[in-house]
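# Summary of the model geometry
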Amino acid sequence: MNEPISIFILDVSNSSLEKKGEELTLYLDELVNWIEIWTEDIGPIKIKHRAGDEIIFVGHGYSTAYTLAFFVSRVWKYKEHKPYFGLSFGDIDKSLAEIDIEKWIHPLIKQARYANDSLKQEQSRPQFRFELDQFYSNEKNITSYNQFRAEFETLINTLLHLQQQYIRKQTEIQEQVCSLYLILQQQKAIGELLGRTAPTISSHFKKGFSEEILMSFKEIVSILISLEKKSYLKSGIDPSETNKTLTHLIRNHLKANIKSMFDL
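Residues numbered from 1 in each chain as written. Predicted model: local features only at pLDDT ≥ 70, side-chain atom pairs only at ≥ 80, totals over all residues. Heavy atoms only, no water.

### Points about the sheet that holds strand β3 (residues 54-60)
Worth spelling out the cut-off: Here, a strand pair is defined by DSSP locating no fewer than two bridges between the strands. Note on conventions: DSSP H or I runs of at least 4 residues are helices, E runs of at least 2 residues are strands, and numbering of each starts at the N terminus. Lines fitted to C-alpha atoms define the axes, with helix axes restricted to the stretch in contact, and inter-axis angles between N-to-C directions lie between 0 and 180 degrees. In this analysis, two residues are considered to be in contact whenever any of their non-hydrogen atoms come within 4.5 Å of each other.
Overall, mixed pairing links the five strands, which are arranged β2-β3-β1-β4-β5 in an open sheet. Because the sheet does not close on itself, it has two edges, and the strands there are β2 (45-50) and β5 (128-130). Across the sheet, the axes of successive neighbouring strands diverge by a mean angle of 15°, strand direction being ignored. With six bridges connecting them, β2 and β3 associate as antiparallel partners. Across the sheet, residue Ile45 finds its bridge partner in β3, namely Gly59. Of the strands in this sheet, β1 (3-12), β3, β4 (83-92) and β5 touch helix α2 (residues 64-75), which is tilted by about 30° from β1. Taken strand by strand, helix α4 (residues 149-169) contacts β4 and β5, and its axis lies near 175° from that of β5.

So, in structure tokens, the structure goes:
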């Protein structure tokens, strides 16, 4: 039986320009620990920090890797050394628990690597890119989204490009308010945490395009969940519930550590 998975390969911008190598290495080790905590109730995952400034993640579900990548991007500590993520998703014909991530060769891994390498070549680098079609044969399964991989890839990357334009326009406080809202889900709670009035928080939220950024994240996740549901109607597993569990675990962990995460 096939298993739905998603992959990200995280790399760090400008990691060799300053004497930050050891500090970033320790931070990435800490990030691996966070992700292991966040995913402890959603089944087996594979994650590895390797090559100094790279993390590779493979998890169950089409939406898992992007959900994790988006949260990581919003709480990332080093603003001059932002992470970027090559992403892919699809199906494998063996159990994820059986895979040795150091030796595994599969088109999905190649696609995530290709997406990551493509981002590396861009001067004005987006944080996310999906690669879905580069390393598959042209014999596409007409019963699933695989028939339209190239078209879907174009659409999702266009949405991510627009999302990135909004993110780049955010000021530091607008970025902080947006990230805190992703975690706390209440403007009042953000105001109490930052010692700001409700109208001030609302203004930063609106002027910083937080609604557009967070809506695009939710829509991409929703689409990935929908594709998985249609591909695995008979599995008995609801991918929307899996993603809810994942998001709940992420938010709970971040709430418990929110002051240290945001240097408050």
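### Some words on the confidence of the model for the chain
Interpretation of this model should avoid reading the predicted coordinates in detail wherever pLDDT is low. Test applied: Every residue carries a pLDDT, the predictor's confidence in it, which falls somewhere between 0 and 100.
Mean pLDDT over the chain works out to 90, with 92% of the residues at or above the 70 mark. Confidence scores differ between elements of the chain, with helix α10 (residues 258-261) showing the lowest mean pLDDT of 90 and α2 the highest of 98.

### Structural notes on the packing of helix α5 (residues 172-184) against helix α9 (residues 239-256)
Defined as follows: By the definition adopted for this analysis, an angle is roughly parallel if under 35 degrees, roughly antiparallel if over 145, roughly perpendicular if from 65 to 115, and oblique otherwise. Note on residue categories: nonpolar means Ala, Val, Leu, Ile, Met, Phe, Trp, Tyr, Cys or Pro, charged means Asp, Glu, Lys or Arg, and polar means any other residue, Gly included.
For the pair α5 and α9, interaxial distance at closest approach is 9 Å and the crossing angle is 120°. What the angle tells us is that α5 and α9 run oblique. On α9, the residues that touch Leu182, Ile183 and Leu184 of α5 are Arg251, Leu254 and Lys255. Partitioned by chemical class, the residues of the contact of α5 with α9 number four nonpolar, no polar and two charged.

### Description of the nonpolar core
As a reminder, the rule being used: Residues belong to one nonpolar core when they are buried, are Ala, Val, Leu, Ile, Met, Phe, Trp, Tyr or Cys, and are joined through side-chain atoms within 4.5 Å. Note on exposure labels: buried denotes an accessible area under 20% of the residue type's maximum, exposed denotes more than 50%, and partly exposed covers the range between, all computed with a 1.4 Å probe on protein chains only.
Phe8, Ile35 and Tyr66 are the most contacted members of the largest nonpolar core, which totals 62 residues. Tyr66 has contacts with Leu87, Phe128, Phe130, Leu160, Gln163, Phe217, Ile220, Val221 and Leu224, leaving out every residue within four places of it along the chain.

### Re the pairing of β3
Most of β3 sits inside the fold, with seven of its seven residues counted as buried. The two faces of β3 match: Glu54, Ile56, Val58 and His60 on one face and Ile55, Phe57 and Gly59 on the other face are all buried. Pairing between β1 and β3: seven bridges, direction antiparallel. Considered in β3, the bridge of Phe8 is made with Phe57.

### Regarding the environment of Tyr78
Considering the arrangement of structural elements, one finds Tyr78 in the loop between α2 and β4. Classification of Tyr78 as buried rests on a relative accessible area of 8%. Residues Tyr78 and Gln176, 98 residues apart in the sequence, show an inter-C-alpha distance of 13 Å. Those residues within four positions of Tyr78 in sequence are excluded, and the remaining contacts are Lys20, Glu23, Leu24 and Tyr27.

### Notes on the environment of Pro4
Examined against the element boundaries, Pro4 turns out to sit in strand β1. Given the relative accessible area of 4%, Pro4 is considered buried. Taking the C-alpha atoms as reference points, Pro4 and Asp91, 87 residues apart in sequence, are found 4.5 Å from one another. Contacts of Pro4, omitting those with residues within four sequence positions, involve Gly59, His60, Gly61, Tyr62, Gly90, Asp91, Glu228 and Tyr232.

### What about α9?
The condition that has to hold: Multiply 1.5 Å by the residue count of a helix minus one, and that product is the helix's expected span.
With 18 residues, α9 extends 26 Å from end C-alpha to end C-alpha; this agrees with the ideal 26 Å at 1.5 Å per step. Every buried residue of α9 is listed here: Pro239, Ser240, Thr242, Asn243, Leu246, Thr247, Leu249, Ile250, Arg251, His253 and Leu254. On its buried face, α9 is in contact with α1 (21-38), α2, α5, α8 (210-231) and α10.

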